[in-house]
Every structure is written in structure tokens, then in C-alpha cells.
Amino acid sequence: VLTAVINAMHAVELLETQGINTLDKYFDRLKKKRTKAAKGLLMDEDFSKAIRLTKKAHENGIEHPKLQLLADILKKELNNKDSKIIVFTQFRDTVDRIYEKCGEERINAVKFFGQASKEGEKGLTQKKQKEVIKAFKMGVYDVLISTSVAEEGIDIPAVDLVILYEPVPSEIRMIQRRGRTGRKNKGKMYILITK
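Since we're looking at a predicted model, the values are computed, not measured.

Student: Would you mind showing me how to read the pairing of strand β4 (residues 161-164) here?
Tutor: Looking down a regular strand, the side chains alternate between one sheet face and the other. Side chains of β4 alternate between two faces, with Leu161 and Ile163 and Val162 and Leu164 buried alike. Pairing geometry for strand β1 (residues 85-88) and β4, over four bridges, is parallel. Within β4, the residue paired with Ile86 across the bridge is Val162.

As C-alpha cells, then:
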């Protein structure tokens, strides 16, 4: 029962902080699980209704409003000057969606995440991570969209702006992310929080 509650709470967190696309992908993964908790949730009438509504919303293109807000912030920052920006988000599904949105908005972005493979997408090897960072440093990309892997231990150039797609529950992680900007010049940080 506790695992089912944790799964349900995670679904609510995804809806509130990440959006329909990420929640829909989570539900798809949950359907493939053979655990007692997953089976119980999928048999629950209310939970099944939530899955159906999420799928319908995804098909109708409904997104979390902060995805467009993020795109607007990125375009504004990049129009004003030659900015380097890091967008941090907790989940790789959200990295993918932000990357897609950047493509739609013609924002020159690159994905950056860890070495673990997930859902058919291979993780980035250390070599590939170094190549991405080098390209970002050289200006091939304006925006680096990253999971927590870019918080520490990787030599990322100073950036003009750090955007947290969702608040981070750890002060240490917040300090590490904030420390990616303002090294040589004045830097900024935005935290997107659902109203």
C-alpha cells in the first residue's frame, strides 16, 4: 500500500511541477510494471480516470504553462545579448520536452544528462558529456538543458543565467546550481514555481 501511495504522490508532483507530457510518460512506464502496487493503482477507478484524462490532455497539446514561460524567458535573454544559459530540471523526460520546445521556438539548445540509459535512450558517456560541454563553452549552443548531473564535478563554463524548472528541496543543491552563474560578471537565477 505504501508503494502505491508513493507512486500516486509522485504522479501529483509530476503534474504540478513538470506537466502533462512528463506525467503521461510516467503513466506509460507504470503500465509496464508488474508490481503489486502498480497493478493495484491501475485497477483503481479514479487512478485509471486520471490516466485517461492525462492521455487526452497530452493528445490535445495541453502543457504546463511554465514551459511557454521558460521559452519566453530564453528568447528574451538570447535576444538581448550573447547569453549562455543553463536550465536545470529534475527529470530526463522534462529535459526531452524542454529540448523539443526549444526546437519549436528555434532556440539553440543541447541536452545534458547522466550516463544511465533510460527507456531506449542511452545515457551520455563521459566522452560525450565532455564534447557537449566543450561545444557549449565554444558557443555552438546557447542553452544547456540538464538534470542534476551538471550541478557539480563537471567543468562547465560560467553562464549568465541559471533557470530552475522546479524548486530544489536541498539548500546544497540550490547553492551548487546557483554557483554556475555570476563567476566573472553579474549573473541571474530564476526559479519557476507553479502558482
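Student: Can you walk me through the pairing of β1 in this structure?
Tutor: A two-sided burial pattern is seen for β1, the buried positions comprising Ile85 and Val87 on one face and Ile86 and Phe88 on the other. Sheet topology places β1 next to strand β3 (residues 143-146); four bridges connect them, and they run parallel. Within β3, the residue paired with Ile85 across the bridge is Val143.

Student: Please explain the pattern of salt bridges as it appears in this structure.
Tutor: Working definition: two side chains of opposite charge can pair if their charged atoms are close together. Applying the stated criterion to the full structure yields 11 salt bridges. A salt bridge links Glu63 to Arg97; its shortest N-O distance comes to 3.2 Å. Of this pair, Glu63 sits in the loop between α4 (45-59) and α5 (65-80) while Arg97 sits in helix α6 (residues 92-104), placing them 34 residues apart in sequence.

Student: For this particular structure, what's the right way to read the nonpolar core?
Tutor: The nonpolar side chains of a soluble globular protein tend to be buried with one another. In this structure, Leu70, Leu74, Val87, Ile98, Val143 and Ile163 are the most contacted members of the largest nonpolar core, which totals 17 residues. Elements with a minimum of two residues in this core: α5, β1, α6, β3 and β4. Counting residues per element, this core draws most heavily on α5, at four residues. With residues up to four places along the chain from it excluded, the contact list for Val143 reads Leu74, Leu78, Ile85, Val87, Ile107, Asn108, Ala109, Val110 and Phe136. Grouped together as the second largest cluster of nonpolar side chains are 15 residues, Leu124, Phe136, Val159 and Val162 included.

Student: Would you take a moment to explain helix α7 (residues 126-137) for this structure?
Tutor: It helps to recall that an α-helix has 3.6 residues per turn; residues three or four apart then point in one direction. With 12 residues, α7 ought to run about 16 Å at 1.5 Å a step, and its terminal C-alpha atoms sit 16 Å apart, in line with that. All of the buried residues in α7 are Gln129, Val132, Ile133, Ala135 and Phe136. On an axial view of α7, the arc spanned by its buried residues comes to 160°, and they lie on one face. For α7, exposure combined with an orientation more than 90 degrees from the buried face picks out Gln126, Lys127, Lys130 and Lys134. The inward-facing, buried residues of α7 contact β1, β2 (109-112) and β3. Positioned one or two residues after α7, Gly139 has a phi angle of 90°, which is positive.

About the criteria used
Residues numbered from 1 in each chain as written. Predicted model: local features only at pLDDT ≥ 70, side-chain atom pairs only at ≥ 80, totals over all residues. Heavy atoms only, no water. Buried < 20%, exposed > 50% of the residue type's maximum accessible area, 1.4 Å probe, protein only. Helix = DSSP H or I, 4+ residues; strand = E, 2+ residues; numbered from the N terminus. Pairing = 2+ DSSP bridges. Salt bridge = Lys/Arg side-chain N within 4 Å of Asp/Glu carboxyl O. Core = buried A, V, L, I, M, F, W, Y, C linked by side-chain atoms within 4.5 Å. Contact = heavy atoms within 4.5 Å. Expected span 1.5 Å × (residues − 1). Arc of directions from axis to C-beta.

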